[in-house]
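What the coordinates show
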Amino acid sequence: GILVYFAGYAKHTGFYPMPSAIAAFEERLKPYKRAKGSVQFPHSQPLPVDLIADMVKYRVAENAEK
């Protein structure tokens, strides 16, 4: 199944890990602008690679349950 999506914009990278992952990682995502199923990582800050990896792992486990 679908794990995550990425999209590049002028001032940020859009990361779309589905609403369940946004909810599961709400505390770690507080520094970033986010919506129900997306988060914006501004280009002015380093990409949070560890957070992204953890969210992808979460989605892999979630997909395995289906």
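Just above, that's the structure.
My aim in this report is to walk through the structure given alongside it, one point at a time. In this text the structure is predicted, and so the values were computed from the model without any measurement. (Residues numbered from 1 in each chain as written. Predicted model: local features only at pLDDT ≥ 70, side-chain atom pairs only at ≥ 80, totals over all residues. Heavy atoms only, no water.)

Remarks on the overall build of the protein
Where we set the bar: The helix count covers DSSP runs of H or I at least four residues long, the strand count covers runs of E at least two residues long, and both are numbered beginning at the N terminus. Here the radius of gyration uses the C-alpha set of atoms, whereas the globule reference equals 2.2 Å times the residue count to the power 0.38. Three exposure classes are used, based on accessible area relative to the maximum for each residue type with a 1.4 Å probe and protein chains only: buried under 20%, partly exposed in between, and exposed over 50%. Residue contacts follow a heavy-atom distance rule, with two residues in contact if any of their heavy atoms lie within 4.5 Å. Note on charges: Lys and Arg go in the positive column, Asp and Glu in the negative column, and His and the chain ends are not counted at all. To locate a charge, take atom NZ for lysine, CZ for arginine, CG for aspartate or CD for glutamate.
Counting its secondary structure elements, the protein contains two helices and four strands. Ordering the α and β elements of the protein from the N terminus gives β-β-α-β-β-α. Computed over C-alpha atoms, the radius of gyration of the protein comes to 11 Å, within 12% of the 11 Å expected from 2.2 N^0.38 for 66 residues, which places it in the range of a compact globule. Each of the three principal axes of the protein carries a C-alpha extent, and together these read 35 × 20 × 20 Å. The proportion of buried residues among the 66 residues of the protein is 30%. Sequence-distant contacts in the protein: of pairs separated by 6 or more residues, those separated by 24 or more amount to 46%. Separation of charge centres in the protein, based on 9 positive and 6 negative side chains, amounts to 8 Å.

Looking at the sheet that holds strand 4 (residues 39–42)
The condition is simple: Two strands make a pair as long as DSSP finds a minimum of two bridges between them. A fitted line through C-alpha atoms serves as each axis, taken over the contacting stretch for helices, and the angle formed by two N-to-C directions is quoted from 0 to 180°.
Here four strands make up an open sheet; going across it, the order is 1-2-4-3 and the pairing antiparallel. Each having just a single partner strand, strand 1 (5–8) and strand 3 (33–34) make up the two edges of the open sheet. Pairing between strand 2 (residues 12–16) and strand 4: four bridges, direction antiparallel. Bridged to Phe15 within strand 4 is Val39. Here helix 2 (residues 49–64) sits on the sheet in contact with strand 1, strand 2 and strand 4, set at roughly 20° to strand 2.

Thoughts on the pairing of strand 4
The alternating pattern of strand 4 places Val39 and Phe41 on a buried face, while none of Gln40 and Pro42, on the opposite face, is buried. Judged from the two bridges that link them, strand 3 and strand 4 form a sheet pairing that is antiparallel. Within the sheet, the bridge partner assigned to Lys33 lies in strand 4 and is Gln40. Joining the antiparallel neighbours strand 3 and strand 4 is a turn of four residues.

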